[in-house]
Each structure stands twice: as structure tokens, then as C-alpha cells.
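# Coordinate inspection notes
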Amino acid sequence: MYDFLYNLPHSHFAINALCFSQDACVLASGDDDGYIQLFDFPLGKELRRLRVATAVMSLLWHPNKPDVILIGDARGIVTVMNLHAEVQGFSLRTGVNAPVDTLAYDACNECLAVGVGTDIVLFNHPEDPWTFGSNIPPPPMASMDDNRLLLPLPHALRFSDNGRSLIAVYFQHGIV
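As a starting point, this report considers the structure included with it. (Residues numbered from 1 in each chain as written. Predicted model: local features only at pLDDT ≥ 70, side-chain atom pairs only at ≥ 80, totals over all residues. Heavy atoms only, no water.)

### Considerations on the pairing of strand β11 (residues 119-124)
- Counting buried positions along β11 gives five out of six residues, so the element sits mostly inside the fold.
- As paired strands, strand β10 (residues 111-116) and β11 are joined by six bridges and run antiparallel to one another. Within the sheet, the bridge partner assigned to Val114 lies in β11 and is Val121.
- Where β10 folds back on β11, the antiparallel hairpin that results is connected by two residues, among which Gly117 adopts a positive phi of roughly 60°.
- As paired strands, β11 and strand β12 (residues 131-136) are joined by five bridges and run antiparallel to one another. If you follow Phe123 over to β12, its bridge partner there is Phe132. (Buried < 20%, exposed > 50% of the residue type's maximum accessible area, 1.4 Å probe, protein only. Helix = DSSP H or I, 4+ residues; strand = E, 2+ residues; numbered from the N terminus. Pairing = 2+ DSSP bridges.)

Next up, the structure:
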């Protein structure tokens with residue numbers, strides 16, 4: 001069974017992403033209208049509200065920088081935002097005009113993996129500025145369902161083995 005703690009106050013738009021800070025004291029949520037809300041956890045009190053230009057599809061707290069959150073949007077852009085800086089952040093362009101469905105960051109090799117469209121795009125971040133690393137193409141597999149072509153879309157990413165391996169999950173095809 002689950003215990004209901006509280007209902008997060010939000011806009012009238014669908015919440016697409018939730019993510020806890022590294023210390024689990026802040027919960028971030030992102031919605032279709034481009035709002036990111038930060039809540040004190042477990043109190044449920046809103047701490048801050050931010051906005052990006054389009055729908056928020058994924059969120060990830062930077063593992064080494066507790067004040068930095070990565071925001072994946074509906075246009076294939078990742079915004080890197082320092083929550084305590086005056087500047088709104090900067091954008092990493094994936095080159096793919098599709099929703100950023102998943103993000104993963106490996107602290108060992110300072111690499112960001114972005115699941116966008118059918119691709120996985122890698123960025124290196126040994127120090128500023130971020131640099132494009134490579135593009136991992138999708139598995140050579142598509143299927144038909146009710147006369148529709150289903151392309152393999154990465155929905156979850158995770159680095160393992162101290163950053164030497166990247167695990168990608170394609171739910172609609174059962175591929176890992």
C-alpha cells in the first residue's frame with residue numbers, strides 16, 4: 001500500500017517529469033507549459049518556479065553540482081540551469097528535433113547521455129564548455145502495429161561499470 005503525503009500544486013498542464021535532488025530534500029517537477037517547480041520534500045512547500053520556452057519532458061539533477069539541474073524539452077534541447085545564478089542557464093542542442101525523453105549523467109567520466117527521438121546523444125563535460133561527444137544510432141529494428149511503424153525510442157538511460165557502459169531501454173520493443 002501507498003501512503004498519500006500531499007498533492008503538489010501545479011498548473012493545469014500535465015506533469016511530464018519528476019526528479020529528486022541528490023540529497024532528496026528537493027523534488028522538481030516539469031510540465032507541458034514549460035514550468036519547473038521545486039518543492040521542499042517532504043513538506044510539499046513550493047520553493048521556486050522556473051520556466052523554459054517549451055514543454056519539459058525530462059529532468060536530472062547534476063550529481064556533482066547540487067545547484068545545477070538539467071532540463072530536457074520537447075524540441076531536443078537540454079537546458080543546464082544553475083539555480084543560484086543570475087543567468088537563466090545555457091542550452092545544449094542535440095541536433096534532433098524531438099522530445100528529450102531521458103537523461104543520464106556519469107560523474108566518473110563527466111558524460112551526459114540524452115535520449116532524444118530515436119537517438120542517444122553524448123556530451124562530454126570535463127570542464128566548461130560542454131562539447132558534443134557522439135551520436136549513438138538506434139537499434140536496426142522497427143515494428144508494425146496496426147499498420148503504424150514503431151521506431152525504437154530510448155525511454156531510460158543509465159551508466160554502469162564506472163561509466164564504461166551505457167544501458168539503454170527501449171520499452172516498446174523490449175530491447176535493453
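And the narrative resumes.
### A word on the environment of Ala107
- Structurally, Ala107 is set in the loop between β9 (100-106) and β10.
- Overall, Ala107 belongs to the partly exposed group, its relative accessible area being 33%.
- Through-space distance from the C-alpha of Ala107 to that of His125 is 9.7 Å; in sequence the pair is 18 residues apart.
- Aside from chain neighbours lying at most four places away, what touches Ala107 is Pro63 and Asn64. (Contact = heavy atoms within 4.5 Å.)

### What about the sheet that holds β12?
- Taken together, the four strands give an open sheet; going across it, the order is β9-β10-β11-β12, and neighbouring strands pair in antiparallel fashion. Strands with a single pairing partner mark the edges of an open sheet, and in this sheet they are β9 and β12. Ignoring strand direction, the axes of neighbouring strands in this sheet form an average angle of 20°. (Axes fitted to C-alpha atoms, helices over the stretch in contact; angles between N-to-C directions.)

### Regarding the pairing of strand β4 (residues 46-51)
- With five bridges joining them, strand β3 (residues 35-40) and β4 adopt antiparallel strand pairing. Looking at β4, one finds that Phe39 is bridged to Glu46.
- Linking two consecutive strands that pair antiparallel, namely β3 and β4, is a turn of five residues; a positive phi of about 85° is found at Gly44 within it.

### Here's the deal with the pattern of salt bridges
- Summed over all chains, the structure comprises four salt bridges.
- Put simply, Asp33 and Arg51 hold a salt bridge, and the shortest N to O gap is 3.1 Å. Residue Asp33 is found in the loop between β2 (26-31) and β3, and its partner Arg51 is found in strand β4; the two are separated by 18 residues along the sequence.
- The partly exposed category is assigned to Arg51, whose relative accessible area is 44%.
- Linking Asp161 and Arg164 is a salt bridge whose minimum nitrogen-to-oxygen distance equals 3.1 Å.
- Exposure remark for Asp161: the relative accessible area of 43% places this residue in the partly exposed category. (Salt bridge = Lys/Arg side-chain N within 4 Å of Asp/Glu carboxyl O.)

### Examining the packing of aromatic side chains
- According to the stated counting rule, one finds two aromatic pairs in the structure shown.
- For the ring pair Phe20 and Phe41, a centre distance of 4.9 Å and an interplane angle of 75° mean the geometry is edge-to-face. Of this pair, Phe20 sits in strand β1 (residues 15-20) while Phe41 sits in the loop between β3 and β4, and the two are 21 residues apart along the sequence.
- The exposure class assigned to Phe41 is partly exposed, which follows from its relative accessible area of 25%.
- Here Phe123 and Phe132 contribute two aromatic rings whose centre-to-centre distance is 6.1 Å and whose plane-to-plane angle is 85°, an arrangement assigned as edge-to-face.
- The class of Phe132 is partly exposed, set by a relative accessible area of 48%. (Phe/Tyr/Trp six-rings, centres within 6.5 Å; stacked < 30°, edge-to-face > 60°.)

Geometric values such as these leave the question of function open.
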